[in-house]
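Secondary and tertiary structure notes
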Amino acid sequence: MIEEKKHKKVFVKGPISPGFIADSLAKHAAKHNIGAHSMFMGQVRADVKENGQVVTGIAYEAYQEMATETLHNIREDAFAKYSLTCMHIYHSLGLVKTGEISLFVFTSSAHRRAALEACDYLVERIKKEVQVWGKEILESGETVWKQPG
Amino acid sequence: MIEEKKHKKVFVKGPISPGFIADSLAKHAAKHNIGAHSMFMGQVRADVKENGQVVTGIAYEAYQEMATETLHNIREDAFAKYSLTCMHIYHSLGLVKTGEISLFVFTSSAHRRAALEACDYLVERIKKEVQVWGKEILESGETVWKQPG
Amino acid sequence: MVNVLLFGRLAEICGQNNFVFEAKDTDAVCDKLKTDFPEMKQFSFALAVNQIMITGNTKLKEGDEVALMPPYSGG
Amino acid sequence: MVNVLLFGRLAEICGQNNFVFEAKDTDAVCDKLKTDFPEMKQFSFALAVNQIMITGNTKLKEGDEVALMPPYSGG
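Residues numbered from 1 in each chain as written. Chains lettered and ligands numbered in written order. Predicted model: local features only at pLDDT ≥ 70, side-chain atom pairs only at ≥ 80, totals over all residues. Heavy atoms only, no water.

**What about the arrangement of the chains?**
With three pairs of chains in contact overall, the contact-richest pair is chains A and B. Taking C-alpha atoms as the reference, chain B and chain D come no closer than 9 Å and do not contact one another. (Contact = heavy atoms within 4.5 Å.)

The structure is reproduced here in structure tokens:
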């Protein structure tokens, strides 16, 4: 069980599509003890940088083995802290263009507070603790390392 | 503008499908100032009632004119309180079967805190303040008025 | 005449979700319904006049819409 | 020999994301990289040995994996 969770697939190549998100949701229709789903999606913004150049995408890299372990621990903490039925986390690797989704956090529970609070908790911990780095790609082709935020 | 918001369509007949949710998300790919989406979905549970009967669905009714006005005010409060790009709320009317979605709240913002907090805020206010009633339909055909919760 | 709307369990008790009758104020509406449908006395409900929540007795005029609403249970 | 992994900006500065060299402890790893790539001195980073975060100098043994990581910026 732990082994299985350890190897739960988190990283996906390229953006996370709305269709993938819909499929994830649809899979939970058979789980009749679920009353609440919370989702968070991170989308790549077209920020304007100091030099006036606009971000066209972010290229993500991860220290995958360590990030997977970190996410496993965050996941275990969330299961201990909140009464959850399901929890899914997906993060993109490689290029994700402006307007596309790079992070998808999905929690489900019988009652709403657990799903809502766990989703918030996961997003904050993922942003702060997971070994992932994003490099913003500007119109000119220049790159800027994304600041933690 | 206010007139348009007042008439924003909230109530939909029957369940809210994963495909509808995916389409709602996909429509935001062109909004390049969005960095974060939060979603909440309420799903009908197969609760076991005191008489041992299992819930097979919930039939929803609303005082539509008043509920629409209430939701308009909640929406305005959320826009004032949080720095949001978009906000969408959908609630089912009529029968929604176990495992199907009856409430969909969707907030988007540049940075994650606004979307996360606004989604939570909207869900709580909708549950407490909106003129909607659910009647649980049991296996036997009996009905039980849903308790607020 | 005022237009009385009933929701949820209250409509079920009264066998219909809409009545039109004479009433000078909201107390008169509630009294009439509790007399005609004694089971109404067992349940608490909120009142709105013309879609505005009210507390305490409120005078009614021709054509007003009075809604009797049990606790909400949407979502 | 230890396996040194570099991520994000640090890999860019060093022109590659992986070095294998002799080092008795993590201070030696950092000193070597800062000598070979002086720009490394300008950036703060965290260290992990065999995927465990460390603080302070840590002894290394043959085959250890040392990772130099700038502040995370995923999501």
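**Side note on the packing of aromatic side chains**
Residue and element names in this part refer to chain B. Considering all chains together, one arrives at 20 aromatic pairs over all chains under this definition. Note on F20 and Y90: the rings are 4.8 Å apart at their centroids and 90 degrees apart in plane angle, and the pair reads as edge-to-face. Here Y90 lies in strand β4 (residues 86–97) and F20 lies in helix α2 (residues 18–26), a separation of 70 residues in the sequence. For F20, a relative accessible area of 31% translates into the label partly exposed. Ring centres of F20 and F104 lie 6.4 Å apart, and the angle between their planes is 80 degrees; this geometry places the pair in the edge-to-face category. Of this pair, F20 sits in helix α2 while F104 is found in strand β5 (residues 101–109), placing the two residues 84 residues apart along the sequence. (Phe/Tyr/Trp six-rings, centres within 6.5 Å; stacked < 30°, edge-to-face > 60°. Helix = DSSP H or I, 4+ residues; strand = E, 2+ residues; numbered from the N terminus. Buried < 20%, exposed > 50% of the residue type's maximum accessible area, 1.4 Å probe, protein only.)

**A look at the sheet that holds strand β2 (residues 18–21) of chain D**
All names here are of chain D. Read from one edge of the open sheet, five strands run β2-β1-β5-β3-β4, paired in mixed fashion. Looking at strand neighbours, the two that pair on one side only are β2 and β4 (52–54), the edges of this open sheet. Strand-to-strand twist of the sheet, defined as the mean angle between neighbouring strand axes without regard to direction, takes the value 25 degrees. Bridge analysis of strand β3 (residues 46–49) against strand β5 (residues 65–69) gives four bridges, and the strand direction is antiparallel. Residue pairing for β5: A48 is matched across the bridge by A67. (Pairing = 2+ DSSP bridges. Axes fitted to C-alpha atoms, helices over the stretch in contact; angles between N-to-C directions.)

**Structural notes on the side chain of R112 of chain B**
Secondary-structure assignment places R112 of chain B in helix α4 (residues 112–129). Here the side chain of R112 of chain B touches E124 of chain A through a polar contact of 2.9 Å, side chain to side chain. Apart from the residues within four sequence positions on either side, R112 of chain B is in contact with F40, V123, E124, K127, K128 and G149 of chain A together with A36 of chain B. (Polar contact = N/O pair within 3.5 Å; in protein donor to acceptor, adjacent residues only side chain to side chain.)

**Some points on empty space enclosed by the protein**
Any empty space left between the atoms is revealed when a probe the size of a water molecule rolls over them. In this structure the tally under the stated criterion is two cavities of 30 Å³ or more. The computed volume of the largest cavity comes to approximately 70 Å³. What lines the largest cavity is S38, M39, L116, C119 and D120 of chain A together with S38, M39, L116, C119 and D120 of chain B. Those elements that provide at least two residues to the lining of the largest cavity are β2 (36–43) and α4 (112–129) of chain A together with β2 (36–43) and α4 of chain B. Taken together, the residues that form the lining of the largest cavity break down as six nonpolar, two polar and two charged. (1 Å grid on protein atoms, 1.4 Å probe; cavity = no way out; pocket = protein on both sides within 12 Å on 5 of 7 lines; lining within 4 Å. Points joined across faces, edges and corners; volume = space filled by probe spheres on them. Nonpolar A, V, L, I, M, F, W, Y, C, P; charged D, E, K, R; others polar.)

**Considerations on unusual backbone geometry**
All names here are of chain C. If you check the backbone angles, N50 has positive phi at about 50 degrees while not being a glycine. By the secondary structure assignment, N50 is in the loop between β3 (46–49) and β4 (52–54). Looking at N50, the relative accessible area reads 36%, which means it is partly exposed.

**Concerning the interface of chain B and chain A**
Listed per partner, the contact involves 37 residues of chain B and 37 residues of chain A. Both faces combined, the contact of chain B with chain A buries some 3,100 Å², and carbon together with sulfur accounts for 55% of it. The three residues of chain B that bury the most area against chain A are Q43, R45 and R112 of chain B, which together make up 21% of that side's buried surface. Our count for the chain B to chain A interface comes out at six salt bridges. In this structure, D120 of chain B engages R113 of chain A in a salt bridge whose closest nitrogen and oxygen atoms are separated by 2.9 Å. The tally of links between chain B and chain A comes to 23 residue pairs in polar contact (both at pLDDT 80 or more). Looking at the side of chain B that touches chain A, the elements that each hand over two or more residues are α2, β2 and α4 of chain B. Taken together, the residues of the side of chain B that touches chain A sort by class into 17 nonpolar, twelve polar and eight charged. Here seven bridges tie β2 of chain A to β2 of chain B, and the two strands are oriented antiparallel to one another. (Buried area = accessible area lost by both parts, 1.4 Å probe. Salt bridge = Lys/Arg side-chain N within 4 Å of Asp/Glu carboxyl O.)

**A few points about the pattern of salt bridges**
Taken as a whole, this structure holds 26 salt bridges over all chains when the rule is applied. In this structure, R45 of chain A engages D47 of chain A in a salt bridge whose closest nitrogen and oxygen atoms are separated by 2.8 Å. The class of R45 of chain A is partly exposed, set by a relative accessible area of 22%. The residue K24 of chain D makes a salt bridge to D25 of chain D at a minimum N-O spacing of 3.2 Å. Several salt bridges converge on common partners, so that one network encompasses R112, R113 and E117 of chain A together with D120, E124 and K128 of chain B.

**A closer look at the relation of the copies chain B and chain A**
Between chain B and chain A, the superposition needs a rotation of 180 degrees and an axial shift of 0.0 Å, giving an RMSD of 0.0 Å. Both copies of the chain, as the preceding transformation shows, are related through a two-fold rotation axis. Take the interface residues of chain B: 100% of them recur as interface residues in chain A, which is what a same-surface contact looks like. (Least-squares fit on C-alpha atoms with pLDDT ≥ 70 in both.)

**Some details on the environment of F45 of chain C**
All names here are of chain C. In this structure, F45 sits in the loop between α2 (26–36) and β3. For the pair formed by F45 and Y72, sequence separation is 27 residues and the distance between their alpha carbons is 9.7 Å. Setting aside chain neighbours within four positions, we find F45 in contact with L10, C30, K34, M40, L68, M69 and P70.

**Regarding the packing of α4 of chain A against α4 of chain B**
At a minimum axis distance of 11 Å, the contact between α4 of chain A and α4 of chain B shows a crossing angle of 175 degrees. In terms of their interaxial angle, α4 of chain A and α4 of chain B are classed as roughly antiparallel. On α4 of chain B, the residues touching R112, R113, L116, D120, V123, E124, K127 and K128 of chain A of α4 of chain A are R112, R113, L116, D120, V123, E124, K127 and K128 of chain B. Residue composition of the contact of α4 of chain A with α4 of chain B, by class: four nonpolar, no polar and twelve charged. (Parallel < 35°, antiparallel > 145°, perpendicular 65-115°, else oblique.)

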